[in-house]
Amino acid sequence: QPLPHGRSRHYPARDVSEFHRADRASIARALPFFRRIRDDDPRSDSAAAALHKLALAALEVRNPDRSLDEAYALFSRLLHLYPDSRVTDRALLGIAWVQVELGRCGGALNHLDRLFERHPGSAAVPGGLSLAAGCLAEAERWVPAMETLQRLVDREDVGLPARRAKQFLTLIYRTRFLPDLGRPLSHETDPSFETATAGAGVR
């Protein structure tokens, strides 16, 4: 069931890609509501949704109590207590995003693999593919990075995520592969080939 009416109006972000839609005062007003929902009925799906909102708020630059560690703990709690929640896919993306911010790309890729495997149709997947490609490129795993970007292009086809993926693909190709492919090649004339082609009437 969704959060009770009006309780998310002060903090509307639903995913890590939707930050900065609420000001500092609105975030401060929203946090007590989410904490109450989390604590009043901890077995409900609303509690999972409230945990997700609290984790997102902990990442907000405008939140005076911003904390990557708190966001990580909240996402982890959500995934542990509510593995089948309707926000599990977004929580997997969120915790991966936090891990990238903390410099833990290996852990991020593990959570993103879970996202891709368990929620292939989720709206969180494009953001996850983009995040995974960045981690793979940082590790200089160029071919998997390009394959991941191509998955994003194939999935989205048009729009900003696809355009950015195409730009990233082009950048990797030009900087990491084109120099190798562009090395001068030495050529030698093959007399037997010349004779064979001439005999066949080909010049």
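Residues numbered from 1 in each chain as written. Predicted model: local features only at pLDDT ≥ 70, side-chain atom pairs only at ≥ 80, totals over all residues. Heavy atoms only, no water.

**Student:** So what about the overall build of the protein? Which residues, and what values?
**Tutor:** Helices and strands together make up the secondary structure of the protein, namely 9 helices and 0 strands. Seen in sequence order, the protein has helices and strands lined up from the N terminus as α-α-α-α-α-α-α-α-α. Taken over 203 residues, the protein has a buried fraction of 42%. Residue pairs at least 24 apart in sequence account for 54% of intrachain contacts in the protein once pairs closer than 6 positions are excluded. Accessible surface, the protein: about 12,100 Å² in total, of which carbon and sulfur atoms supply 50%. (Helix = DSSP H or I, 4+ residues; strand = E, 2+ residues; numbered from the N terminus. Buried < 20%, exposed > 50% of the residue type's maximum accessible area, 1.4 Å probe, protein only. Contact = heavy atoms within 4.5 Å. Areas by Shrake-Rupley, 256 points an atom, 1.4 Å probe, with all protein chains shown as cover.)

**Student:** Can you tell me about the nonpolar core, naming the residues and giving the values?
**Tutor:** One finds Tyr-11, Leu-59, Phe-75, Leu-93, Leu-112, Leu-115 and Phe-116 to be the most contacted residues of the largest nonpolar core, which totals 58 residues. Breaking this core down by element, the ones donating at least two residues are helix 1 (24–40), helix 2 (45–59), helix 3 (68–81), helix 4 (88–101), helix 5 (105–118), helix 6 (125–138), helix 7 (142–156) and helix 8 (160–181). In terms of residue count, helix 2 provides more of this core than any other element does, 10 residues in total. The residues contacting Leu-93, other than those within four sequence positions of it, are Asp-15, Val-16, Leu-112, Leu-115, Ala-124, Gly-127, Gly-128 and Leu-131. (Core = buried A, V, L, I, M, F, W, Y, C linked by side-chain atoms within 4.5 Å.)

**Student:** Tell me about the side chain of Thr-148, and please be specific about residues and values.
**Tutor:** Within the element layout of this structure, Thr-148 appears in helix 7. Residues within four places of Thr-148 in sequence aside, it is in contact with Leu-129, Ala-132, Ala-133 and Leu-136.

**Student:** I'd love a proper account of the state of the cysteines, names of residues and values included.
**Tutor:** Counted according to the given criterion, the structure contains 1 disulfide. There is a disulfide in this structure between Cys-105 and Cys-135, and the S-S distance comes to 2.4 Å. Disulfide Cys-105-Cys-135: torsion about the S-S bond near -75°, hence left-handed. Pair noted here: Cys-105 is in helix 5 and Cys-135 is in helix 6, with a separation of 30 residues, a long-range link. (Disulfide = S-S within 2.5 Å.)

**Student:** An account of the pattern of salt bridges is needed here, citing residue identities and associated values.
**Tutor:** Counted according to the given criterion, the structure contains 3 salt bridges. Among the ionic pairs, Arg-38 bridges to Asp-39, the shortest N-O distance being 2.9 Å. Between Arg-155 and Glu-156 there is a salt bridge, and its shortest N-O distance comes to 3.7 Å. The class of Glu-156 is partly exposed, set by a relative accessible area of 25%. (Salt bridge = Lys/Arg side-chain N within 4 Å of Asp/Glu carboxyl O.)

**Student:** Could you give an account of the packing of aromatic side chains, naming the residues involved and the relevant values?
**Tutor:** Each aromatic ring pair is characterised by the separation of its centres together with the angle its planes make. Overall, the coordinates contain 0 aromatic pairs when judged by the stated rule. Here the guanidinium or amino end of Arg-104 rests over the ring plane of Tyr-72, the centre of that ring lying 5.9 Å away. The cationic tip of Arg-151 hangs over the ring face of Phe-116; the distance from NZ or CZ to the ring centre is 5.1 Å. (Phe/Tyr/Trp six-rings, centres within 6.5 Å; stacked < 30°, edge-to-face > 60°. Lys NZ or Arg CZ within 6 Å of the ring centre and 35° of its normal.)

**Student:** Please give an account of the confidence of the model for the protein that cites residues and values.
**Tutor:** Chain-level statistics for the protein give a pLDDT mean of 85 and a share of 83% at 70 or above. When mean pLDDT is compared element by element in the protein, helix 5 scores highest at 97, while helix 9 (residues 191–199) scores lowest at 52. This stretch, residues 199–203, has a pLDDT under 50; its non-local contacts, to residues over four places away or in other chains, come to 1 contact. (pLDDT = per-residue confidence, 0-100.)

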